[in-house]
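Tertiary structure, described
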Amino acid sequence: MAAHQKIPLMVASGYSSHYDGTMSSLKALILLALPLFARPLLLALLLALFMAGITFGPVRAQTALSFDQQVEVMAMNEEGDFILKSGEILRPAELMLPKAGDCERLPKVCTLVKEIQGYHQQHMVGRRVYIDKGSSFHDRYNRLHAHIQSADGHWLQHSLFHQGLARVEATESSPTTTPLLLGIEANARKQEKGIWSLKAFKPLTPDIPKARMDRFQIIEGTIHKTAEVRGVIYLNFGDNWREDFTIKLAKDMRHKFADKGQSLLALKDHPIRIRGWLFWENGPMISLHNPEQLEILNQE
């Protein structure tokens, strides 16, 4: 339906933009080294391995990010943020990482928390790194959110999502990178890498227990009804809006959406994936702040 094209769509798949560059290099090598009859078979095999997440050495994603500002990381704080030499707090944009608090609540995640801390110590702490100045921003606590590249050329966000160590948090940082990161996250989830091997991090259904409130969640389900009430758009997942899960697009957030979110009203009976802070307001609810929070899934 044409109206849906105004919403950034992301269907779960293993594709990411680094595919084009990596496969081009492999193709060039094959064309030089192999006889004609063997080339199609090996190309097909390499493509299958790549889409399964099997790569040869570190992958450096091709993006529109510039990584044009150098900063020096001195330490990490308890929240997993980086303390810069300037005294500023640097938080990796779009990353929702398991933290020490999750480890206390879910002992199985402790190993992954230590793995993340080890990765940061190896690639970030005590080093000069690069941030993409154009997409960086400061939050209300004056923390700097940015995409980060390590000194050895690895895009931090890409690396952590590829290993299944983080969830995408759609923010105002850089909506152009979010579809790519969602694809990498989906591939890791499909392979049950890292946090995706743990039940606590897997997407919920709309039948959400109250114990899962007041935290970041990913929810998958089919929209049952849509409505617009006094300028607020509601996407309902059941017959009783006072108790069932609902997605809300507030009036003051509609300007962030193409056609001010009007095309959301056409999503009745569509399966979707939504991410964000889950709270209680006439049942479980997530508020839309960015279009990238909402993915429209394939109908099977």
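Higher on the page you've got the structure.
Note that this is a predicted model, so its numbers are computed, not measured.

Definitions and cut-offs
Within any chain, residue numbers begin from 1 and follow the written order of that chain's sequence. Note on the predicted model: pLDDT of at least 70 is required for a residue's local features to be given, and 80 or more for side-chain atom pairs to be given and counted; whole-chain, interface and lining totals, by contrast, use all residues. Values reported for side chains reflect all heavy atoms of the structure, with hydrogen atoms and water molecules removed beforehand. Secondary structure elements follow DSSP: runs of H or I of four or more residues count as helices, runs of E of two or more count as strands, with numbering from the N terminus. Per-residue accessibility, obtained with a 1.4 Å probe over protein chains only, is compared with the maximum for each type, and a residue is labelled buried under 20%, exposed over 50%, and partly exposed between these values. Contacts are assigned to residue pairs with any non-hydrogen atoms lying within 4.5 Å of each other. For every accessible area listed, the method is Shrake-Rupley and the probe measures 1.4 Å; residues are considered covered only by the protein chains on display. At least two DSSP bridges between two strands are required for those strands to pair. For the purposes of this section, nonpolar cores are sets of buried Ala, Val, Leu, Ile, Met, Phe, Trp, Tyr and Cys residues that join through side-chain atoms within 4.5 Å. N or O atoms within 3.5 Å of each other form a polar contact, as long as, within protein, one can give a hydrogen and the other can take it, and as long as residues adjacent in sequence are counted only when both atoms are side-chain atoms. Salt-bridge detection follows one rule: a side-chain nitrogen of Lys or Arg within 4 Å of a carboxyl oxygen of Asp or Glu. The length a helix should cover is 1.5 Å for every residue beyond the first. The directions from the helix axis to the C-beta atoms form the arc being described. Two cysteine sulfur atoms make up a disulfide if the distance between them is within 2.5 Å. Each aromatic pair joins two rings of Phe, Tyr and Trp (for Trp, the six-membered one) with centres within 6.5 Å, and gets the label stacked for planes under 30 degrees apart, edge-to-face for over 60, and tilted for any other angle. Note on geometry: a ring has a charge over it if NZ (lysine) or CZ (arginine) is within 6 Å of the ring centre and within 35 degrees of the ring normal.

Our next topic: the overall build of the protein chain. Broken down by element type, the protein chain carries six helices and 16 strands. Considering the protein chain as a whole, with its 300 residues, one finds that 48% of them fall into the buried category. At a minimum sequence separation of 6, the contacts of the protein chain that also span at least 24 residues come to 65%. Surface summary for the protein chain: the accessible area is close to 15400 Å², and the carbon and sulfur share equals 54%.

Pairing is mixed across the open sheet formed by seven strands, whose spatial order is 6-7-3-2-1-5-8. Two strands lie at the open edges of the sheet, namely strand 6 (137-138) and strand 8 (148-149), each paired on one side alone. Judged from the two bridges that link them, strand 6 and strand 7 (residues 144-146) form a sheet pairing that is antiparallel. In the sheet register, His-138 faces strand 7, and the bridge partner there is Leu-144.

So, about the nonpolar core. If you look at the biggest cluster of nonpolar residues, it comprises 41 residues, and the most contacted ones within it are Leu-90 and Ile-148. Here this core takes five residues from helix 6 (residues 178-190), the largest share from any one element. Setting aside its immediate chain neighbours within four residues, Ile-148 contacts Phe-67, Phe-82, Leu-90, Pro-92, Met-124, Val-129, Tyr-130, Ile-131, His-154, Trp-155, Leu-156 and Gln-157. In terms of nonpolar packing, the next biggest core, distinct from the first, is built from 22 residues, Ile-208, Met-213, Phe-245 and Ile-272 among them.

Here we take up the side chain of His-123. Of note, His-123 is situated in helix 4 (residues 110-123). Reaching out from His-123, the side chain makes a polar contact with the side chain of Asp-152 at a distance of 3.3 Å. Aside from chain neighbours lying at most four places away, what touches His-123 is Val-129, Ser-150 and Asp-152.

Right, let's get into the pattern of salt bridges. Following the criterion strictly, the structure yields 14 salt bridges and no others. The salt bridge involving Lys-225 is made with Asp-239; its shortest N-O contact spans 4.0 Å. Pair noted here: Lys-225 is in strand 11 (residues 225-229) and Asp-239 is in the loop between strand 12 (232-236) and strand 13 (246-249), with a separation of 14 residues, a long-range link. By relative accessible area, Asp-239 is classed as exposed at 58%.

Once that is clear, we can look at the side chain of Thr-177. Structurally, the position occupied by Thr-177 is in the loop between strand 9 (167-168) and helix 6. Among the residues examined, Thr-177 registers a relative accessible area of 4% and is labelled buried. In this structure the side chain of Thr-177 is engaged in a polar contact, spanning 3.4 Å, whose partner is the side chain of His-147. Leave out the neighbours within four places in its chain, and Thr-177 touches Leu-65, Glu-94, His-147 and Trp-155.

Across its 14 residues, helix 4 extends 20 Å between first and last C-alpha, which sits within 8% of the 20 Å expected from 1.5 Å per residue. Turning to helix 4, its buried residues number three or more, namely Leu-112, Val-113, Ile-116, Tyr-119, His-120 and His-123. Buried residues of helix 4 fall within an arc of 120° about the axis and therefore sit on the same side. Opposite the buried face of helix 4, by more than 90 degrees, sit the exposed residues Thr-111 and Lys-114.

Across all of its chains, the model carries one disulfide by this definition. The disulfide partner of Cys-103 is Cys-110, and the gap between their sulfur atoms is 1.9 Å. Where Cys-103 bonds to Cys-110 through sulfur, the torsion about that S-S bond is close to 105°, and the disulfide is right-handed.

Next up on the list: the pairing of strand 13. Along strand 13, one buried face is formed by Thr-246 and Lys-248 and the opposite face, lined by Ile-247 and Leu-249, is buried too. The pairing of strand 13 with strand 15 (residues 284-287) spans three bridges and is classified as parallel. Counted as the bridge partner of Thr-246 is Met-285 from strand 15.

If you walk through the whole model with that rule in mind, you get one aromatic pair. Taking 5.0 Å as the distance between ring centres and 40° as the angle between the ring planes, the aromatic pair formed by Phe-237 and Phe-245 counts as tilted. For the pair Phe-237 and Phe-245, one class covers both residues: buried. Stacked on the ring of Trp-196, the Lys or Arg Arg-189 has its end atom at 5.1 Å from the ring centre. Above the ring of Trp-280, the side-chain terminus of Lys-210 is found at 4.5 Å from the ring centroid.

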